[in-house]
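# Structural overview
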Amino acid sequence: MSRSRYRGTIKHNIKIDYIIILIMLMFIIGGMLIKFGMDFSQNGIPIYSYTIERNDNYEVLLKPNSLYESEILPSGGYYASKSINDYIINFNYRFKGNNKVDIDYNYNVTANLIGTVIDNDNQEKQIWNRNFILLENKNNNQSNKDEFLVDEEINVDYEYYNELARTYEKTYGITINSVLKLRLNINYNINYLKLGIDNKEKVEDYIELDIPITNTVTEVTENYEKNTTKDIFMQNNNIKIIYIICCILGGLFIITAVIITIIKIRKNKEDHKNLYESNIKRIMRYYRDLIVTITNEPNIEKLNIMNVDLLEDLIDLAEQNNSNIIHYEVDKDKKSKLYVILDNYVYIYTVTADKLR
C-alpha cells in the first residue's frame, strides 16, 4: 500500500472553543451577581457620605531667658521642660458632607493630668488622675448645611501643670511619670430628614494631644486620626428582594454553566472515543494485510526503541522489510501503539484520538 493512499485522510482544524468561553463568562457573571447581592444586603442603599478633617497647630511660649533668640518656638520640635511657660494650641475640626442636612453639635476642651509608676512586674500603672475643663461646652445648630468648622485656640499653662506634678511627688514622696492629655471633644447629630429619610446618626469624636510633664525634655504627640471618610447606608425591605433576585440569577448562571460543562465533558469523551475509533478503523481498512493485533503488550526491554513521527514511514519500514505491524491497544478507546520489530530495533508509532502521531 503506497503512502499516498493515506496522506491527508485525517485532518484536525484548530478552532476557538466558544462554548468554553461562554462557560467561563457564565461562572464570572453568576459569581458577580451573588457577590453584589451579598454586599448590597450587608450595607444597604448609600444615602449620604461625609469626610472629617482633624488638625492641630501650636506655639511654645518660653519663660524670660537669655538663651533663645525668641521667646516663641514653633511646633514640631523637642523642648526643655523647664524653659516652657505656655502652649498656645489651635484645634481645627472640619466636617464636609456630600448633601445638605441639619446638624446640631457641641464641643468642649478638656485636660487630663495622669501620673503613672512602674510596678514590680515592670508594668506601667496609673496612680493619679486630675481632670480640667479648659473650654466650657459650646452648642451650635446647622440647618440645611453640608459642612461645619470648629476652630478653637487654647492657652495651656504648662508651668502650672509641671508644678502641680512636682507638688504631688514632694507631698507623697513618689516619683511619677506624668503626661497632660489635651482633648477637643465633639459630639453631633446628623439629621437625614432633608434627604427624605427619617433617620439620625449620632457621632462622638475628638482630637487628642499628649504632652509629657515631668520629663526633662518634652514634645507634643498627636493621638488621633487625621482624616476619616464614612458612607451612610439605608436599610429597607427592598434590599432583601434585590438580594434574593441577585442570588437566584447568579445561581441560575452558575448551575447552567455547570450543566453545560458536564455536557461538554461527556461530549468530549465521546468525541475522543469516536475519533480514536475512526483513526484505528482507517488504519485497519487501508493496511489490514500488514497489521497483526495482539492482546498482550510486547516485551521490548532489550530492544532499541525508535519513535516514528509519520505513519507513512512506519508503513514503508514494514513493506520494505516484509515485516508485520504489531497493533497493541495501550489504553482502551484512547490510545494504541503500532510496532515494527527489525533485528535489535523496535519502531513505534502512537495513535490517539487527537491525531495520528
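Our subject is the structure listed above.
A side chain of one charge can pair with a side chain of the opposite charge if their charged atoms are brought near each other. Under the definition given, this model contains 11 salt bridges. Here Arg166 makes a salt bridge to Glu169, at a shortest N to O gap of 3.3 Å. Remark: Glu169 and Arg166 occur in helix 2 (residues 158–172); sequence separation between them is 3 residues, near one turn of the helix. Bridged by salt links that share partners, the residues Lys181, Arg183, Glu208 and Asp210 form one connected network.

Here the focus is the packing of aromatic side chains. For the structure on display, the rule yields 20 aromatic pairs. Here Trp128 and Tyr168 contribute two aromatic rings whose centre-to-centre distance is 4.6 Å and whose plane-to-plane angle is 15 degrees, an arrangement assigned as stacked. You can see Trp128 sitting in strand 5 (residues 124–156) and its partner Tyr168 sitting in helix 2, a full 40 residues away along the chain. For the pair Trp128 and Tyr168, one class covers both residues: buried. Ring centres of Phe148 and Tyr188 lie 5.3 Å apart, and the angle between their planes is 75 degrees; on these two criteria the pair is classed as edge-to-face. Here Phe148, found in strand 5, pairs with Tyr188, found in strand 6 (residues 177–191); they are 40 residues apart in sequence, far enough to count as distant.

Another aspect to go through is the nonpolar core. If you look at the biggest cluster of nonpolar residues, it comprises 50 residues, and the most contacted ones within it are Tyr87, Tyr188 and Ile190. Listed by contribution, the elements that provide at least two residues to this core are strand 1 (45–62), strand 4 (84–118), strand 5, helix 2, strand 6 and strand 7 (200–212). Among all residues touching Tyr87, those that are not within four sequence positions of it are Tyr58, Glu59, Val60, Tyr79, Ile154, Asn155, Val156, Tyr158, Ile211, Thr218 and Val220. Core analysis: the second largest hydrophobic core is formed by 20 residues, Val308, Leu314, Ala318 and Leu342 among them.

With that settled, the discussion passes to helix 2. With 15 residues, helix 2 should reach 21 Å at 1.5 Å per residue; the first-to-last C-alpha distance of 22 Å fits that figure. Where helix 2 is concerned, the buried positions are Tyr158, Glu159, Tyr161, Asn162, Leu164, Ala165, Tyr168 and Glu169. Packing partners of the buried residues in helix 2 comprise strand 4, strand 5, strand 6, strand 7 and strand 8 (217–218). Positive backbone phi, approximately 65 degrees, marks Gly173, located one or two places after helix 2.

Strand order in this open sheet of 5 strands is 11-13-14-15-12, and the pairing throughout is mixed. Here the strands that pair on one side only, and so sit at the sheet edges, are strand 11 (291–294) and strand 12 (304–307). For this sheet the average axis-to-axis angle between neighbouring strands, irrespective of direction, equals 30 degrees. Pairing analysis gives 4 bridges linking strand 12 to strand 15 (residues 345–352), with the strands arranged parallel. Bridge assignment links Asn307 to a residue of strand 15, and that residue is Ile348.

So, how was this worked out
Residues numbered from 1 in each chain as written. Predicted model: local features only at pLDDT ≥ 70, side-chain atom pairs only at ≥ 80, totals over all residues. Heavy atoms only, no water. Salt bridge = Lys/Arg side-chain N within 4 Å of Asp/Glu carboxyl O. Helix = DSSP H or I, 4+ residues; strand = E, 2+ residues; numbered from the N terminus. Phe/Tyr/Trp six-rings, centres within 6.5 Å; stacked < 30°, edge-to-face > 60°. Buried < 20%, exposed > 50% of the residue type's maximum accessible area, 1.4 Å probe, protein only. Core = buried A, V, L, I, M, F, W, Y, C linked by side-chain atoms within 4.5 Å. Contact = heavy atoms within 4.5 Å. Expected span 1.5 Å × (residues − 1). Pairing = 2+ DSSP bridges. Axes fitted to C-alpha atoms, helices over the stretch in contact; angles between N-to-C directions.

These figures come from the coordinates and say nothing about function on their own.
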